[in-house]
Amino acid sequence: MDIKPIANQKKSFLANKTFTTVLACGVALGVTFGAYGMMVKHVEVVDGKQVYEMHTTKNTVKDALDELGLSLNEGDEVVPQLSTCLENGMRIQINRAALVNVTVEGKVLTWVSTKATVKEVLEEAGIMLFPADKVNPSLDSEIKSGINIRVTRVTEKSEIQQVKLPYSVIKRKNGNMDKGQNKVISKGVDGLKQITYKVIYEDGKETSRQVISEEIVKQSQQEIVEIGTRSMVATSRGNMRFKKVINMKATAYCACRKCTGKSPGDHGYGITHSGMRVRQGVVAVDPRVIPLGSRLYVEGYGLATAQDTGGAIKGNRIDLYFPTHDKTLKYGVRHVKVYVLE
Ligand SMILES: [Zn+2]
């Protein structure tokens, strides 16, 4: 904080002058004790905004300030120095020291300065300012003791963000496809957009974000889906309206011991879960998928009623009744469409 380039220049200039004035002072003293009496000098003293004009017979700058009753505090600077001999027409400048607090990059610096403005105080402390930095109070503000100066470092960065552009879906009706069935004709592809932001940081904290440019790096591609609208199914009893179609895994059973664990004559032989006698068209389902009692049309089997359940019949499973065991073997396992009729 002792860097005072302007003051030093002044001092060295005055130092040379002091040498000559000391001699002049000596001459003046000679005159003083001579026949002409004491020599009166006209001196101007500037103390802040106060300007004093005086006529004095004193010898040094210190004597002149004492005569005016101006006291100096620690850190106050006087130009020229106190020991300098007074000269006629001399201008004495008092630079009053002020306590300054400067907050910069999270640190608070405190010292005593004789500088007049915020700009000079920051120069004294060797604080470099960049064009975007903020200074409060402003650089041309006057220094008063106890002043708090804040330097906010402002930096600007460019940031790039990539954003997904979700594809859109085009739905087309298809009357040749059952209601509830969909088919992707063309798969959708997400696009990509690149956004460039200008981001402002103040002391490392983001304070503003502005979009500078947006560029589509990759175009999205529409997805095309066909939606079935057919709500009628052809059965042996003509076209029937259905509520929904479920793709199911179908198995076959008959009333035999292999299929049910019961033989003719056993209690419950040939009786379904719902108490009905088994016959063509009685099928077992998971009631959580198809409610018991629903009227169904099973592709490749025909009209049926959901009347039975089975331990292995869970989810999208259906068990179809056939009158003989041979027929169940022939049927095997198939994947079928099950229409739930209205
Ligand atoms: Zn069987």
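Structure: see above.
Here's what I pulled together on the structure shown here. Every chain's residues receive numbers from 1 upward, in the order its sequence appears when written. In keeping with the predicted nature of the model, local features appear solely for residues at pLDDT of at least 70, side-chain atom pairs appear and are counted solely at 80 or more, and the whole-chain, interface and lining totals rest on all residues. Heavy atoms throughout the structure, all of them, feed into the side-chain values; hydrogens and water do not.

**Quick word on the coordination of the zinc ion**
Then comes step 1: Within the first shell, the zinc ion binds the protein through Cys254 (SG), Cys256 (SG), Cys259 (SG) and His325 (ND1), at distances of 2.0 to 2.4 Å.
Then comes step 2: Only nitrogen, oxygen and sulfur atoms count as donors, using a 2.8 Å cut-off from the metal that widens to 3.2 Å for Na, K and Ca. Water is left out, so coordination shells may look unfilled. Here a site with four donors is tetrahedral if all angles are between 85 and 135 degrees, and a site with four or six donors is square planar or octahedral if opposite donors are over 155 degrees apart and the other angles are between 65 and 115; anything else gets the irregular label. Angles of 94 to 126 degrees at the metal separate the 4 donor atoms of the zinc ion, which places the site in the tetrahedral class.
Then comes step 3: In primary sequence terms, the donor set of the zinc ion follows C-x1-C-x2-C-x65-H. In this pair, Cys256 sits in the loop between strand E16 (238-253) and helix H4 (257-260) while His325 sits in helix H5 (residues 325-331), placing the two residues 69 residues apart along the sequence. Note on conventions: DSSP H or I runs of at least 4 residues are helices, E runs of at least 2 residues are strands, and numbering of each starts at the N terminus.

**Topic: the side chain of Ser113**
Then comes step 1: Tracing the backbone through its elements, the reader meets Ser113 in strand E6 (residues 107-113).
Then comes step 2: Three labels apply to residues, based on accessible area from a 1.4 Å probe with only protein chains included: buried if under 20% of the type maximum, exposed if over 50%, partly exposed otherwise in between. Among the residues examined, Ser113 registers a relative accessible area of 1% and is labelled buried.
Then comes step 3: Pairs of N or O atoms are called polar contacts if they sit within 3.5 Å, as long as, within protein, a hydrogen donor faces a hydrogen acceptor (for residues adjacent in sequence, only side-chain-to-side-chain pairs). Separated by 2.7 Å, the side chains of Ser113 and Glu124 make a polar contact.
Then comes step 4: The contact criterion used is simple: two residues touch if any of their non-hydrogen atoms lie within 4.5 Å. Excluding residues within four positions of it along the chain, Ser113 makes contact with Arg96, Ala97, Ala98, Val100, Val121 and Glu124.

**A word on the pairing of strand E19 (residues 302-308)**
Then comes step 1: Within E19, 6 of the 7 residues are buried, leaving the element largely enclosed by the surrounding structure.
Then comes step 2: At least two DSSP bridges between two strands are required for those strands to pair. By the bridge criterion, 4 bridges tie strand E18 (residues 295-298) to E19 in an arrangement that is antiparallel. Considered in E19, the bridge of Tyr297 is made with Leu303.
Then comes step 3: If you look at the hairpin formed by E18 and E19, you'll find 3 residues sitting between the two strands, and Gly300 has a positive phi there, around 80 degrees.

**Considering the pairing of strand E8 (residues 147-152)**
Then comes step 1: Pairing geometry for strand E5 (residues 98-104) and E8, over 5 bridges, is parallel. Paired with Val102 across the two strands is Ile149, which belongs to E8.
Then comes step 2: Strand direction decides the pairing type here: strand E7 (residues 134-136) and E8, joined by 3 bridges, are antiparallel. Looking across to E8, one finds that Lys134 is bridged to Thr152.

**A short note on helix H2 (residues 61-68)**
Then comes step 1: Regarding H2, the residues found buried are Val61, Ala64 and Leu65. End-on, the buried residues of H2 take up no more than an arc of 95 degrees, which puts them together on one face.
Then comes step 2: On its buried side, H2 packs onto strand E1 (41-47), strand E2 (50-56), strand E3 (77-79) and strand E4 (90-95).
Then comes step 3: Just past H2, the residue Gly69 takes up positive phi, approximately 75 degrees. Directions pointing from the helix axis toward each C-beta atom define the arc.

**A few points about the packing of aromatic side chains**
Then comes step 1: Note on aromatic contacts: the rings of Phe and Tyr and the six-membered ring of Trp form a pair at centre separations within 6.5 Å, being stacked when their planes are under 30 degrees apart, edge-to-face when over 60 apart, and tilted otherwise. Applying the stated criterion across every chain, the model contains 5 aromatic pairs.
Then comes step 2: When the centroid spacing of 4.9 Å and the interplanar angle of 70 degrees are considered together, the rings of Phe242 and Tyr339 count as edge-to-face. Of this pair, Phe242 sits in strand E16 while Tyr339 sits in strand E21 (residues 334-341), and the two are 97 residues apart along the sequence. The exposure classification of Phe242 matches that of Tyr339, with both residues buried.
Then comes step 3: When the ring of Tyr301 is compared with that of Phe322, the centres are 5.4 Å apart and the planes differ by 75 degrees; the resulting orientation is edge-to-face. Here Tyr301 is found in the loop between E18 and E19, whereas its partner Phe322 is found in the loop between strand E20 (317-321) and H5, with 21 residues between them in sequence.

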